Amino acid sequence: MNRKQLLKTVEEYGLVEALLMPPNKPYSFVKYGSTEEAKKAFDALNGKELMLGDSGQNVVLYSNFVEKVFWKNAVPTNLPPGLTVIEKVVSPEEERRMLESIDWIGDEDAQNAQKTLKHRKVKHFGYEFRYDNNNVDKDKPLPGGLPEICSLFLEKCLKQGYIKHKPDQLTVNQYEPGQGIPPHIDTHSAFEDEIISLSLGAEIVMDFKHPDGHTVAVLLPRCSLLVMSGESRYLWTHGITPRKYDIIQASELGQKVGTITADVGDITLNQRKTRTSFTFRKVRRSPCNCIYPSVCDSQKGQQRQVQPSFPHNEMEASELEQEYVHKVYEEIATHFSSTRHSPWPRIVEFLRSLPEGSIVADVGCGNGKYLGINKDLYMIGCDRSKNLVDICGEKNFQAFVGDALSVPMRSGSCDACISIAVIHHFSTAERRLAALRELARLLRPGGTALIYVWAMEQEYKNQKSKYLKEKHGNKDKEEEISSGMAQRLPGDQMPESSSQDSACTDQLLDNSKDKGCGAKPVADCRLPVHTNRTSFHSQDLLVPWHLKGGTKKRRESVETVLFPAGSKESQGPSPVFHRYYHVFCEGELEAACRSLDGVRVQKSYYDQGNWCVVLEKL
């Protein structure tokens, strides 16, 4: 039953305060305004057989009483990076003409007819896609090119700015209700970056999956255009699960663009209808050189050294952080410290607002730049890097070597804690959550913790962060920035390192051991190497640090750090280290904090490319 059908049935017996429909479960919860109404509904509905008019099937309802129902409000899931859905891109008349332009019966023997697929009807224009090798025959274009109405549609898309390049290949698929397509990534060597798909005749839910196991269900409304580019095109698989009903948002009769949020109070079932998709691609004429070599057929076997992949378990996560966080900061400590001298105003404001005599722990203190901000506080720092802690000692600050997952301080001993640009270094959602829990353990009741993590959104509310703005300027300045020497930036604006799991928000809300970052990846997910001073295209990545000047460390140790094959960063006198980061999406840090017991989020905000939270111990 869908929400409308069930609601109509249960409303006959009283005022319904809530109707909760957990996805993929054979039960729902109904809350009435009074016990009497609930009893009335129970007596009337238990064992009752109903006929569902639109499906022609009979269902039997069984009822029971429950005292409590536990659920959490779902946080909206972000679309995969590089994915866009544009509604109502064609009118009903244009839709009719485009559907009529495809003759499924009259030219079965024509060269562009393809009717051998098991699950759907398919036709190709421009070039035929060959399912035996998942590629196109680039030397044998089909006669006639693209239908005229499709060429006019593409011109319109170019003019509106929906697409950047005009495709030269078209695949038309007709799906009967219940049919689907297996999860796949369009072959890198066959097509250029931008792939677009027009949904006609009916809406559909398309499932996207990251190699780390994170899934996103996206509703594609009728007459909408899906544009896949960047990470969503090259790294995420996309497919349509064979089923007769889709789980969709109940809002606006299901025509809600974007991801399907598992909000049990706002989802329903939608019966599928016949849908036709027009998928346009541009045939690639040269090998693909994307930043996702693990899934790129053009680059397989070409890399000298293997990039680290998403950790499958606690041991792999620890090893990844040891190699691409802890070892790196030991090597770059002196250079790193020279770039970290300007305190951030809002962190200074937090420290100066604390009562005189407060005991404050700076967990992940780096070179100790916040330890001396307020002389009226008793501040102590800890960091995994011995070389950074030694720098704190040279400044006469109190600091010791320690792990943010297990700080050797008594529970409830601190009036306040700060964690600045640290938690984004942990490589799984569980470890990030453990770091937050450790901060809460240190606080006394009423104590507060300030937490900063690097944000996926480096452009927020139409404002670019300083991290992006500093990209422009003279050549010397750009070279300085790319090396990590951004002296005019607030100290922690430069990345510190990253962790590895895009599925954390869903997992924190779900607490499921069988999904999210606990799941074994479908493919071997290699971490992309980020280009400094550009927007992020992945939540989990390696960020380069160009080591310059005065290092006494042995050059041989650099060989343990990743150098992508053919990269300029591996050449020349300046060694390049790669640090591991997990950049946080909007709401992700706050959701993690809210999942902890015994704390409340006092404040959350965005500060120059970082997501920030103030926690209070209850």
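Note: the structure precedes this text.
Please read all numbers here as calculations on a predicted model, not as lab measurements.

Asker: Is there a simple way to think about the packing of helix α3 (residues 92–100) against helix α4 (residues 148–160) in this case?
Answerer: To describe two helices that pack against each other, one gives the angle between their axes and the distance between the axes. Interhelical geometry of α3 versus α4 gives an angle of 140° and a closest axis separation of 10 Å. By the angle class used here, α3 and α4 are oblique. Listed contacts from α4 to E94, R97 and M98 of α3 are I149, C150, F153 and K156. Here the residues of the contact of α3 with α4 sort into 4 nonpolar, no polar and 3 charged.

Asker: When you look at the side chain of S419 in this model, what are you seeing that I'm missing?
Answerer: Of note, S419 is situated in strand β24 (residues 414–420). Exposure remark for S419: the relative accessible area of 2% places this residue in the buried category.

Asker: Would you take a moment to explain unusual backbone geometry for this structure?
Answerer: Phi is positive for K88, close to 45°, though the residue is something other than glycine. On the basis of relative accessibility, which here comes to 70%, the residue K88 falls in the exposed class.

Asker: Can you walk me through the sheet that holds strand β21 (residues 359–363) in this structure?
Answerer: In a beta sheet, neighbouring strands pair by backbone hydrogen bonds and run either parallel or antiparallel. The 7 strands lie next to each other as β23-β22-β21-β24-β25-β31-β30, forming an open sheet whose pairing is mixed. Looking along the sheet, the strands with just one partner apiece sit at the ends: β23 (399–401) and β30 (599–606). For this sheet the average axis-to-axis angle between neighbouring strands, irrespective of direction, equals 15°. Taken strand by strand, helix α7 (residues 345–352) contacts β21, β22 (378–383), β24, β25 (443–454), β30 and β31 (610–617), and its axis lies near 170° from that of β25. In this fold helix α8 (residues 386–394) packs onto β22 and β23, with an angle of close to 165° to the strand it touches most, β23.

Asker: What am I meant to see in the pairing of strand β12 (residues 195–200) here?
Answerer: Looking along a regular strand, one sees the side chains alternate between the two faces of the sheet. Taken across its 6 residues, β12 has 6 buried, putting it largely inside the fold. Burial along β12 is two-sided: I195, S197 and S199 and I196, L198 and L200, pointing in opposite directions, are all buried. Of the strand pairs in this sheet, β12 and strand β15 (residues 224–228) are connected by 5 bridges, and their pairing is antiparallel. When the bridges of β15 are listed, S197 appears paired with L226. Here β12 pairs with strand β20 (residues 275–281) via 5 bridges, running antiparallel. By the bridge assignment for β20, S199 is matched with S277.

Asker: So what exactly am I meant to see when it comes to the environment of T237 here?
Answerer: Locating T237 in the fold gives a position in strand β16 (residues 237–240). Each C-alpha atom of the pair T237 and T215 lies 9.5 Å from the other, and the pair is 22 residues apart in sequence. The residues touching T237, leaving out its near neighbours within four places in the chain, are P183, H184, I185, D207, F208 and K209.

Asker: Where do I start with the environment of V90 in this structure?
Answerer: When you line up the elements, V90 lands in the loop between β5 (83–86) and α3. Residue V90 is classed as buried on the basis of its relative accessible area, which comes to 5%. The sequence separation of V90 and L198 amounts to 108 residues, and the corresponding C-alpha distance is 9.1 Å.

Asker: Got a minute to help me understand α8 in this structure?
Answerer: Quick reminder: α-helices carry 3.6 residues per turn. Residues three or four places apart thus point the same way. All of the buried residues in α8 are L388, V389, I391 and C392. All buried residues of α8 fall inside an arc of 150° around its axis, so they share one side. The elements touched by buried residues of α8 are α6 (314–338), β22 and β23. Backbone geometry just after α8 places N396 at a positive phi near 65°.

Asker: What is the right way to look at the packing of α6 against α8 in this model?
Answerer: Between α6 and α8, whose axes approach to 7 Å, the crossing angle comes to 35°. Where α6 abuts α8, its residues Y329, E330, A333, T334, F336 and S337 lie against K386, N387, L388 and I391. Of the residues assigned to the contact of α6 with α8, the class counts are 5 nonpolar, 3 polar and 2 charged.

Asker: Would you explain the pattern of salt bridges in this entry?
Answerer: Charged atoms that come close allow side chains of opposite charge to pair. If you walk through the whole model with that rule in mind, you get 19 salt bridges. For R222, the salt bridge identified is with E95, shortest N-O distance 2.8 Å. Note that R222 is positioned in the loop between β14 (215–220) and β15 and E95 in helix α3, a separation of 127 residues in sequence. By relative accessible area, R222 is classed as partly exposed at 43%. In this structure, E100 engages R96 in a salt bridge whose closest nitrogen and oxygen atoms are separated by 2.8 Å.

Asker: Honestly, the side chain of N374 in this entry has me stumped. Any pointers?
Answerer: In this structure, N374 sits in the loop between β21 and β22. You can call N374 buried: its relative accessible area is 10%.

The rules behind each value
Residues numbered from 1 in each chain as written. Predicted model: local features only at pLDDT ≥ 70, side-chain atom pairs only at ≥ 80, totals over all residues. Heavy atoms only, no water. Axes fitted to C-alpha atoms, helices over the stretch in contact; angles between N-to-C directions. Helix = DSSP H or I, 4+ residues; strand = E, 2+ residues; numbered from the N terminus. Parallel < 35°, antiparallel > 145°, perpendicular 65-115°, else oblique. Contact = heavy atoms within 4.5 Å. Nonpolar A, V, L, I, M, F, W, Y, C, P; charged D, E, K, R; others polar. Buried < 20%, exposed > 50% of the residue type's maximum accessible area, 1.4 Å probe, protein only. Pairing = 2+ DSSP bridges. Arc of directions from axis to C-beta. Salt bridge = Lys/Arg side-chain N within 4 Å of Asp/Glu carboxyl O.

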